[in-house]
Amino acid sequence: MTMFKQNKNLLIIGLSFCAVLILSIRVCFAQQNPIITGMFLADPSAHVWKDGRLYIYPSHDIAPPRGCDLMDKYHVFSTDDMIHWVDNGEILNASQVPWGRKEGGFMWAPDCAYKNGIYYFYFPHPSGTDWNSTWKIGVATSTSPDSGFKCQGYIPGLESLIDPQVFQDDDGQYYFYYGGGGICKGGKLKDNMMEIDGTMQNMVGLVDFHEATWVFKRNGIYYLTYADNHSDATGDNRMCYAISTNPLGPWTYKGVYMDPTDSYTTHGSVVEYKGQWYQFYHNSSVSHYDWLRSVCVDKLYFNPDGTIQKIVQTKSIPPADILNSYNGDFESDLDSWRFFEVPDSLGSTATVETTNVVQGREAVKLTFVPPDSTLSDRALDNWDTNVGVNAGEKYTASVQAMTTTSGTLKLSITFGFFDNNRNVISEITKDSTLTSRYQTFSVEDAAPANASSCWIAFRLKGENGKLGAGTLFLDDAKIVGSSDTTATGVSKQKTELPSGYKLEQNYPNPFNPTTTVSYSIPKASFVTIKVYDFLGREIETLVNEEKSAGNYKTEFDGSKITSGIYFDNMKAGNFVETKKLILLK
Ligand code: FUB
């Protein structure tokens, strides 16, 4: 939020598969950051509930990344191994808050507490158009940690502050903390968990407090962690902490224990799970925007005297894996792609992040800094490909594309034809505005009389002065001919639509290491296909997007997991189907 920079004192301020145990499977994935890349999330509050799972309650960043005003919902995620994370779905939306500001948005850092069979979800949300002076701390309750939350109202009598947190002491007493813009307060919660017992007190002894209060207890010591006021040279927040022998202080400042990430804000939670302490936090390593953040976790260690060791922020997930989490494989009917670096003389840089596009294994990510408003030889092009065409026939060149900077960038597709001597005899270019979801973009053209082959190129276009950088994700590129007598390398156009939903048995099966999953949908639907191991742990999302009616296929790559039985599960509307996959190495 630029407003943060302008005034520090502003108030910021399973699936249950009944599978018979046939083979012993060990999943070999290692934890990498960010832990969730399919959506932008920040401010993770972590808790271990009575079912033995660890849950995080983050806030949800929304594109375009102009600040925190668009944040309008909360999702819950959970794990039982710190590696496989399940999105348990949306639990609350700004539109469901009866007393909330009419414009919505501003669903900032939340927390959750459990007492006597009820989960209490605390969230900061303004009650008026003047958001900065009308914050309230809402309370929604449910009997489940990840669904069924209903707004009950807000905690009465509080100041307009943010970032609520609830801590339960060993004697069962619950404490409520919140704060921002230099003020941090705490107090006891009444038995009803929705009112303060007595008065809120200033948390005395904190140094350079900014926001993001989190209190926990270890070996009789109370710890209060928080974000400081951007005092690092980069201007980004650091995580600090203070300790006390009393849950409401006074506190003794102990210093910075986490350096800034690559994001302007920092906000985290500390939790012990299965004998290991963890620090949850966010960074901007996927988007490179301060306000499109991603949730991370790292181990937290204590010295013998109880002080906290500096958090080592593990490296971000490799680009190829980020690409997989967006949309799976690059199913191109084309081959022999080549890439262009933007010449330095233009003052721009472009990078292509993919392991092996030529063999069609990954989606393609192009990053441009800054985006260029002109068309020239950059981006992704398969100029070298000799996709044969029939003179006079109509062809459709298409690709699925998305950007994380919705609405401000354009995808430019150029589709052209060569003659026998590889002279360009025609080309057309179409620009379309990109969104943060994959959409299919296409260009149609008829092959001229002397055409012998065609090519397609994709470029990212920005509007100069509007944005400093951009990222383009591409998947599923095709050139499709309109007749049945298509030439080499060009697919036939399909006209028959499926009559029902169907998830086909994968082929081959058993497989090693890749297999193709085919599916059909009779009408436009949001389709999710996920792969699970036989204990119901999610291994990979193959499809998670709106699809138009048609027959599709996607590939599952088992090269990173061990032999065994897995399941792919498809959901589309009310349709659900599961098939068994056997990986034999
Ligand atoms: O995510 C919105 C706000 O940014 C949080 O409430 C603050 O802690 C900061 O992370």
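Being a predicted model, the structure only gives us computed values, none of them experimental. (Residues numbered from 1 in each chain as written. Predicted model: local features only at pLDDT ≥ 70, side-chain atom pairs only at ≥ 80, totals over all residues. Heavy atoms only, no water.)

Caption draft 1: Looking closely at the pattern of salt bridges. A full pass over the atoms with the stated rule returns 16 salt bridges. As a salt-bridge pair, arginine 101 and glutamate 103 come within 3.7 Å of each other at their nearest N and O atoms. Given a relative accessible area of 10%, arginine 101 falls into the buried group. The partly exposed category is assigned to glutamate 103, whose relative accessible area is 39%. With a closest N to O distance of 3.7 Å, aspartate 191 and lysine 115 form a salt bridge. Within this pair, whereas aspartate 191 is found in the loop between strand 11 (183–189) and strand 12 (196–202), its partner lysine 115 is found in strand 5 (residues 111–115), the two being separated by 76 residues in sequence. In this structure aspartate 191 comes out as exposed when scored by relative accessible area, which is 65%. (Salt bridge = Lys/Arg side-chain N within 4 Å of Asp/Glu carboxyl O. Buried < 20%, exposed > 50% of the residue type's maximum accessible area, 1.4 Å probe, protein only. Helix = DSSP H or I, 4+ residues; strand = E, 2+ residues; numbered from the N terminus.)

Caption draft 2: Examining the sheet that holds strand 17 (residues 269–273) more closely. Pairing within the open sheet is antiparallel, and its 3 strands lie in the order 17-18-19. Looking at the sheet topology across the chains shown, the edges are occupied by strand 17 and strand 19 (294–299). Shown here is a sheet whose adjacent strand axes are inclined to one another by a mean of 30 degrees, direction ignored. Where strand 17 and strand 18 (residues 276–283) come together, 5 bridges link them in antiparallel fashion. Considered in strand 18, the bridge of valine 270 is made with glutamine 279. (Pairing = 2+ DSSP bridges. Axes fitted to C-alpha atoms, helices over the stretch in contact; angles between N-to-C directions.)

Caption draft 3: Molecular detail of the sheet that holds strand 10 (residues 174–180). In spatial order, the strands read 9-10-11-12; together these 4 strands make up an open sheet with antiparallel pairing. Unpaired on one side and paired on the other, strand 9 (165–168) and strand 12 mark the two borders of the sheet. Across the sheet, the mean angle from the axis of one strand to that of its neighbour is 25 degrees, orientation sign disregarded.

Caption draft 4: Expanded view of the nonpolar core. Counting 20 residues, the largest nonpolar core has Tyr519, Val527, Ile529, Leu542, Phe556, Tyr566 and Met570 as the members making the most contacts within it. Those elements that place two or more of their residues in this core are strand 33 (514–521), strand 34 (525–533), strand 35 (538–547), strand 36 (550–557), strand 37 (564–572) and strand 38 (575–583). Not counting residues within four places of it along the chain, the set of residues in contact with isoleucine 529 comprises Leu503, Tyr519, Glu540, Thr541, Leu542, Val543, Asp568, Asn569 and Met570. Listed in part, the 19 residues of the second largest apolar core include Leu411, Phe415, Phe458 and Ile479. (Core = buried A, V, L, I, M, F, W, Y, C linked by side-chain atoms within 4.5 Å. Contact = heavy atoms within 4.5 Å.)

Caption draft 5: Representation of the environment of asparagine 132. Structurally, the position occupied by asparagine 132 is in the loop between strand 6 (118–126) and strand 7 (135–142). You can call asparagine 132 buried: its relative accessible area is 17%. When the C-alpha positions of asparagine 132 and serine 160 are compared, they lie 7.7 Å apart, and in sequence the two are 28 residues distant.

Caption draft 6: Structural view of the site of the ligand. The immediate surroundings of the ligand are formed by Asp43, Ser59, Cys68, Met71, Trp108, Ala109, Asp163, Glu211, Thr265, His267, His282 and Arg293. Between the ligand and alanine 109, the relevant distance is 3.4 Å, taken from an oxygen atom to a main-chain nitrogen or oxygen of the residue. Within the side chain of arginine 293, a nitrogen or oxygen atom sits 2.7 Å from an oxygen atom of the ligand. A total of 280 Å² of accessible area belongs to the ligand in isolation, and the protein chains cover 100% of it. For the shell around the ligand, the per-class residue count stands at 4 nonpolar, 4 polar and 4 charged. (Near = heavy atom within 4 Å. Polar contact = N/O pair within 3.5 Å; in protein donor to acceptor, adjacent residues only side chain to side chain. Areas by Shrake-Rupley, 256 points an atom, 1.4 Å probe, with all protein chains shown as cover. Nonpolar A, V, L, I, M, F, W, Y, C, P; charged D, E, K, R; others polar.)

Caption draft 7: Focus on the side chain of serine 142. Assignment of secondary structure puts serine 142 in strand 7. Separated by 2.9 Å, the side chain of serine 142 and the backbone nitrogen of serine 144 make a polar contact. At 2.5 Å, the side chain of serine 142 forms a polar contact with the backbone oxygen of serine 147. Among all residues touching serine 142, those that are not within four sequence positions of it are Gly117, Ile118, Tyr119, Ser147, Gly148 and Phe149.

Caption draft 8: Main features of the packing of aromatic side chains. What the rule picks out here adds up to 34 aromatic pairs. Residues tyrosine 122 and phenylalanine 176 carry aromatic rings whose centres are separated by 6.3 Å and whose planes lie at 55 degrees to one another, so their mutual orientation is tilted. In this pair, tyrosine 122 sits in strand 6 while phenylalanine 176 sits in strand 10, placing the two residues 54 residues apart along the sequence. Residue class for phenylalanine 176 comes out buried when judged on its relative accessible area of 0%. Cluster of aromatic residues (ring-pair linked, three or more members): Tyr57, Tyr74, Trp99, Phe121, Phe123, Phe149 and Tyr154. Lying over the aromatic face of tyrosine 154, lysine 136 brings its terminal NZ or CZ to 4.6 Å of the ring centre. (Phe/Tyr/Trp six-rings, centres within 6.5 Å; stacked < 30°, edge-to-face > 60°. Lys NZ or Arg CZ within 6 Å of the ring centre and 35° of its normal.)

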